[in-house]
Amino acid sequence: MDTHSLLAFTLVAAIAIASPGPATLMAINNSLAHGQRSAVWSSLGNASGLFCLSAAAMLGLGALLASSEMLFNAVKVVGAGYLFYLGVRQLLKKSPMLADGAEGGDGARRPTPLKLYRSAFVTAVTNPKATLFFTALFPQFIDQGAALLPQFLLLTGIFILLSLTSLSLYAALAARAKGVLTRPSLSRWVSRVVGTTFIGFGAAILAMRRQGA
């Protein structure tokens, strides 16, 4: 793979990642509710999910998802349903945002790193849009005449690194704004906005149509 193709892939990936999605919202919400360190675990969960989606695209599972309406709809419903669940749970939350967080909250109710990781992982792997993105993007930059594994690892590594950087920046910005956003007068409104946005992302996934359908 030449330098020009590598730079082009990095630019396309950066533009795609810069657009906020469920993973971004999750990092911001975790940073506000449980402290910036918690966003590290959700970011790692998202990165693991992206690696699985990238591997699936390379193995041809992404093409299968694009060609099978039944499979596409199944993944779409699962992904949307999970985002709906996250959104409704946020909307029904009556306590202030920091009540179960790292600062001043009950430590017993603080989510474990595994729970944060798992939630972000599930959100990533049940997003059919991401799978189709990898399926459409990779063939444009893969040299079919060269070994595929090194190219796969390089492109996936770049994408994951950009994603981790983006999520870390969003989490850091959220942490800086925590003093304002977690005031009792605003905290519940922030929770409502977060919950509604999760539901909006779920609705967007549910409204997706299979390419060529």
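Quantities reported herein were computed from a predicted structural model and do not represent experimental measurements.

Peer 1: Residue-level account of the overall build of the protein, with values.
Peer 2: The secondary structure content of the protein amounts to ten helices and zero strands. A buried classification covers 40% of the 213 residues belonging to the protein. When contacts within the protein are restricted to residue pairs at least 6 apart in sequence, long-range pairs at least 24 apart make up 85% of them. As displayed, the protein has an accessible area near 11100 Å², and 67% of this comes from carbon and sulfur atoms.

Peer 1: Account for the UniProt feature "transmembrane region" (unreviewed entry) in the protein, naming residues and giving values.
Peer 2: Under the present numbering, the feature "transmembrane region" (unreviewed entry) in UniProt falls on residues 45-66, 152-177 and 189-208. The distance from the first to the last C-alpha atom of residues 152-177 is 38 Å, and the span holds 96% helix and 0% strand. Across residues 189-208, helical content stands at 90% and strand content at 0%; the span's end C-alpha atoms are separated by 29 Å.

Peer 1: How would you explain the layout of surface pockets if you had to name every residue and give the values?
Peer 2: Its volume calculated, the largest pocket comes out at about 660 Å³. As for the largest pocket, its lining consists of 25 residues, and the residues nearest its centre are Ala 16, Ser 19, Gly 21, Pro 22 and Asn 127. For the lining of the largest pocket, the elements supplying multiple residues, two or more each, are α1 (3-18), α2 (22-34), α3 (36-58), α6 (113-125), α7 (128-141), α8 (148-176) and α10 (184-206). For the lining of the largest pocket, the class distribution of residues is 16 nonpolar, eight polar and one charged.

Peer 1: Let's hear about the packing of aromatic side chains: which residues, and what values?
Peer 2: Centre distance and the angle of the planes are the two values used to describe a pair of aromatic rings. Considering all chains together, one arrives at seven aromatic pairs under this definition. A centroid spacing of 5.5 Å and a plane angle of 75 degrees characterise the contact between Phe 9 and Phe 141, whose relative ring orientation is edge-to-face. Of this pair, Phe 9 sits in helix α1 while Phe 141 sits in helix α7; the two residues are 132 residues apart in sequence, bridging distant segments of the chain. According to the relative accessible area criterion, Phe 141 is buried, its value standing at 13%. When the centroid spacing of 6.1 Å and the interplanar angle of 65 degrees are considered together, the rings of Phe 133 and Phe 134 count as edge-to-face. Residue Phe 133 is classed as partly exposed on the basis of its relative accessible area of 26%. Judged by its relative accessible area of 1%, Phe 134 is buried.

Peer 1: Break down α2 for me, citing the residues and quoting the values.
Peer 2: The α-helix advances 3.6 residues per turn, and as a result positions three or four apart in sequence lie on the same side. The terminal C-alpha atoms of α2, which comprises 13 residues, lie 17 Å apart, in line with the 18 Å expected from a rise of 1.5 Å per residue. Within α2, eleven of the 13 residues are buried, which leaves the element mostly enclosed by the surrounding structure. Among the residues of α2, those classed as buried are Pro 22, Thr 24, Leu 25, Met 26, Ala 27, Asn 29, Asn 30, Ser 31, Leu 32, Ala 33 and His 34. Just past α2, the residue Gly 35 takes up positive phi, approximately 100 degrees.

Peer 1: Tell me about the packing of α3 against α8, and please be specific about residues and values.
Peer 2: At a minimum axis distance of 9 Å, the contact between α3 and α8 shows a crossing angle of 155 degrees. When the interaxial angle is binned, α3 and α8 end up roughly antiparallel. At the point where α3 passes α8, the crossing takes the right-handed sense. Per-class residue counts for the contact of α3 with α8 are 17 nonpolar, seven polar and no charged.

Peer 1: Break down a nonpolar patch on the surface for me, citing the residues and quoting the values.
Peer 2: Where nonpolar side chains cluster on the molecular surface, the patch consists of Val 40, Trp 41 and Leu 44 and spans about 260 Å² of accessible area. By secondary structure assignment, the location of Leu 44 is in helix α3.

Peer 1: Please set out the packing of α2 against α6 residue by residue, giving values where relevant.
Peer 2: At their nearest, the axes of α2 and α6 sit 10 Å apart, and the two run at 160 degrees to each other. Overall, the two elements α2 and α6 adopt an arrangement that is roughly antiparallel. By crossing handedness, the relation of α2 to α6 is classed as right-handed. Contacts between α2 and α6 involve Pro 22, Met 26, Asn 30 and His 34 from the former and Leu 116, Ser 119, Ala 120 and Thr 123 from the latter. Grouping the constituent residues of the contact of α2 with α6 by class yields four nonpolar, four polar and no charged.

Rules behind the numbers
- Residues numbered from 1 in each chain as written.
- Predicted model: local features only at pLDDT ≥ 70, side-chain atom pairs only at ≥ 80, totals over all residues.
- Heavy atoms only, no water.
- Helix = DSSP H or I, 4+ residues; strand = E, 2+ residues; numbered from the N terminus.
- Buried < 20%, exposed > 50% of the residue type's maximum accessible area, 1.4 Å probe, protein only.
- Contact = heavy atoms within 4.5 Å.
- Areas by Shrake-Rupley, 256 points an atom, 1.4 Å probe, with all protein chains shown as cover.
- UniProt positions renumbered as here; feature names shortened; annotations may be inferred.
- 1 Å grid on protein atoms, 1.4 Å probe; cavity = no way out; pocket = protein on both sides within 12 Å on 5 of 7 lines; lining within 4 Å.
- Points joined across faces, edges and corners; volume = space filled by probe spheres on them.
- Nonpolar A, V, L, I, M, F, W, Y, C, P; charged D, E, K, R; others polar.
- Phe/Tyr/Trp six-rings, centres within 6.5 Å; stacked < 30°, edge-to-face > 60°.
- Expected span 1.5 Å × (residues − 1).
- Axes fitted to C-alpha atoms, helices over the stretch in contact; angles between N-to-C directions.
- Parallel < 35°, antiparallel > 145°, perpendicular 65-115°, else oblique.
- Left-handed = near helix turned anticlockwise from the far one by under 90°.
- Patch = residues over 30% accessible without salt bridge, like charges linked within 9 Å, V, L, I, M, F, W, Y side chains within 5 Å.
- Salt bridge = Lys/Arg side-chain N within 4 Å of Asp/Glu carboxyl O.

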